[in-house]
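Letter by letter, the chains look like this.
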Amino acid sequence: MGLEYYEIDTDRCTECVGHYDSPTCQQVCPIDNTIIIDPQRVETNDQLWEKFVVLHPAG
Ligand code: SF4
């Protein structure tokens, strides 16, 4: 929980790369356009994969 709303930890978010084809939180949120990519933290698919591997070292 952030100061005003829930915030996604970008160090732990892979945009669901490694698990799903698209960001699951965006799909299940009932309110459109509330979960957005941080323009200050745009990552390539390769970078997201590297993060996935770091977060899931066992496989
Ligand atoms: S559901 Fe996927 S896109 Fe949403 S915060 Fe978690 S890892 Fe990131």
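Residues numbered from 1 in each chain as written. Predicted model: local features only at pLDDT ≥ 70, side-chain atom pairs only at ≥ 80, totals over all residues. Heavy atoms only, no water.

Engineer: With reference to specific residues and values, describe the environment of I8.
Structural biologist: Here I8 lies in the segment before α1 (24-28). Judged by relative accessible area, which is 48%, I8 ranks as partly exposed. In contact with I8, not counting residues within four places along its chain, are C13, C25 and I35. (Helix = DSSP H or I, 4+ residues; strand = E, 2+ residues; numbered from the N terminus. Buried < 20%, exposed > 50% of the residue type's maximum accessible area, 1.4 Å probe, protein only. Contact = heavy atoms within 4.5 Å.)

Engineer: Explain the site of the ligand residue by residue, including any values.
Structural biologist: Near the ligand, the surroundings consist of I8, C13, T14, E15, C16, P23 and C25. Its atoms largely coinciding with the cavity grid, the ligand occupies the largest pocket. Residues of the shell around the ligand, tallied by class, amount to five nonpolar, one polar and one charged. (Near = heavy atom within 4 Å. 1 Å grid on protein atoms, 1.4 Å probe; cavity = no way out; pocket = protein on both sides within 12 Å on 5 of 7 lines; lining within 4 Å. Sits in = over half its atoms within 2 Å of the grid points. Nonpolar A, V, L, I, M, F, W, Y, C, P; charged D, E, K, R; others polar.)

Engineer: Help me get a handle on the layout of surface pockets, residues and values and all.
Structural biologist: For the largest pocket, the calculated volume is near 630 Å³. Contributing to the lining of the largest pocket are 24 residues, with I8, T10, I35, I36 and D38 lying nearest its centre. The set of elements that each furnish at least two residues to the lining of the largest pocket consists of α1 and α2 (45-55). Of the residues assigned to the lining of the largest pocket, the class counts are 12 nonpolar, six polar and six charged. (Points joined across faces, edges and corners; volume = space filled by probe spheres on them.)

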